Amino acid sequence: MLTSLKGKSIIVTGGSKGIGRGIATVFARQGAKVTITARGEEALKTAVSEIEGDVRYEVCDVSDWASVQTMVANAAEAQGGLDVICANAGAFPQTKIIDMDPEEWDIVLSTNLKSSFLCVKAAIPHFEKASKGRVILTSSITGPITGFPGWSHYGASKSGQLGFLKTAALELSRYNTTINAVMPGNIYTEGLQGLGQEYLDTMAASIPLKRLGDVEDIGNAALFFASEEAAYITGQQIVVDGGQIIPESLEALEEI
Ligand code: NAP
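Notes on the structure in this doc start here.

This part is about the side chain of Gln161. Tracing the sequence through the fold places Gln161 in helix H5 (residues 152-173). Polar side-chain contacts of Gln161 include one of 3.0 Å to the side chain of Ser116. Ignoring anything within four residues of it in the chain, the contact list for Gln161 reads Ala87, Asn112, Leu113, Ser116, Leu137, Thr138 and Ser139.

Structure representation (structure tokens):
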């Protein structure tokens, strides 16, 4: 049993859907005060009405500095400070390099990587004031460990988050703040459903635990990094993928 996060102030970007919503659900269940953010207000309203607990929302584009600054300031004011920010929002359009418009590269890198920097930058004054804080990034196995045709920009952004993490851990230690990353495998979300049933079925078959992950599997890993018990862990990452990256070959999977 982890020490309770009751009353702690949490921000989850991309909290209207998928993994972010799962992270928000896990923290709200613990009694934390949670602000979820996204660009689409309707999905935010729906999530706030459906997640049980103390949950509010801020409309925010995580690739835009002014938007992130306003969102963090509003959340901290409404929730009496800031204890944890989960930089989770991300996008994964699937386009091969040969077909990729350079603008798409920039959008994916801004949404997935620059956003991590912006969230941390906006949160630092609050962590400095409180002399403590936690940052949790949602990275991926795709990029740091694996590859998949169509996701060169996505993989670069997710590896980039881990590069950012190392130096950020050093700089944040000054404010008694830790930063760690969760690296999900294939988690059943609205975003993943958009890739089609064939993709979902093939992926589930390639995972030793024979199922896609649940959004709360990622929420539970984030909860651990936010807990008192994880106070001495920083600059690290954990893979949550049902064993997907382990088999050396198809034969290794078939032998199970
Ligand atoms: P999802 O179901 O598509 O949800 C994405 C969330 O991010 C939505 O709330 C979306 O809301 C928000 N978002 C997207 N672009 C944004 C922007 N520019 N500003 C603010 N919010 C934005 O995706 P997901 O599958 O949950 O993925 C969430 C994170 O997990 C991503 O970082 C992704 O790379 C990572 N991940 C997912 C998987 C997986 O299997 N699902 C695996 C590895 C890593 P709006 O569109 O309304 O803004």
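Don't stop here, the text continues.
Using the criterion set out here, one finds five salt bridges in the structure. Among the salt bridges present, the one from Arg29 reaches Glu216, with a minimum N-O distance of 3.0 Å. Placement of Arg29 in helix H1 (residues 18-29) and of Glu216 in helix H8 (residues 215-226) is noted, with a sequence separation of 187 residues between them. The exposure class assigned to Arg29 is exposed, which follows from its relative accessible area of 54%. A salt bridge links Glu58 to Arg56; the nearest nitrogen and oxygen atoms lie 2.6 Å apart. Assessed through its relative accessible area of 24%, Arg56 is described here as partly exposed.

Ordered in space as E3-E2-E1-E4-E5-E6-E7, the seven strands form an open sheet in which the pairing is parallel. One side of each edge strand has no neighbouring strand; the edge strands of this open sheet are strand E3 (54-59) and strand E7 (237-240). Ignoring which end each strand starts from, the neighbouring axes of this sheet average 20 degrees apart. Contacting strand E1 (9-13), strand E4 (84-87), strand E5 (133-138) and strand E6 (177-184), helix H4 (residues 102-130) runs over the sheet at an angle of about 175 degrees to E4. The sheet contacts of H8 involve E4, E5, E6 and E7, and relative to E6 the element is tilted by about 160 degrees.

Moving on: the side chain of Asp241. Relative to the helices and strands, Asp241 is located in the loop between E7 and helix H9 (250-254). The side chain of Asp241 sits in the buried core without any salt bridge; Arg211 is the nearest counter-charge, 10 Å away. At 2.9 Å, the side chain of Asp241 forms a polar contact with the backbone nitrogen of Gly243. Here the side chain of Asp241 touches Gln244 through a polar contact of 3.1 Å, landing on its backbone nitrogen. Asp241 has contacts with Ile141, Gly185 and Ile207, leaving out every residue within four places of it along the chain.

Glancing now at the nonpolar core. As a rule of thumb, nonpolar side chains are buried together in soluble globular proteins. Within the largest apolar cluster, 30 residues are counted, with the highest numbers of intra-cluster contacts made by Ile23, Phe27, Val34 and Ile136. Contributing elements (two or more residues each) for this core: E1, H1, strand E2 (33-38), helix H2 (41-50), E4 and H8. Top contributing element to this core by residue count: H8, with seven residues. Sequence-distant contacts of Ile23, defined by excluding residues within four places in its chain, comprise Val12, Cys86, Asn88, Thr138, Ile218, Gly219 and Ala222. Counting 29 residues, the second-largest nonpolar core is a separate cluster that includes Ala87, Leu172, Ala181 and Met183.

Thresholds, definitions, all that
Residues numbered from 1 in each chain as written. Predicted model: local features only at pLDDT ≥ 70, side-chain atom pairs only at ≥ 80, totals over all residues. Heavy atoms only, no water. Helix = DSSP H or I, 4+ residues; strand = E, 2+ residues; numbered from the N terminus. Polar contact = N/O pair within 3.5 Å; in protein donor to acceptor, adjacent residues only side chain to side chain. Contact = heavy atoms within 4.5 Å. Salt bridge = Lys/Arg side-chain N within 4 Å of Asp/Glu carboxyl O. Buried < 20%, exposed > 50% of the residue type's maximum accessible area, 1.4 Å probe, protein only. Pairing = 2+ DSSP bridges. Axes fitted to C-alpha atoms, helices over the stretch in contact; angles between N-to-C directions. Lys, Arg positive; Asp, Glu negative; His and termini not counted. Core = buried A, V, L, I, M, F, W, Y, C linked by side-chain atoms within 4.5 Å.

Scope: geometric values only; no functional claims are made or implied.
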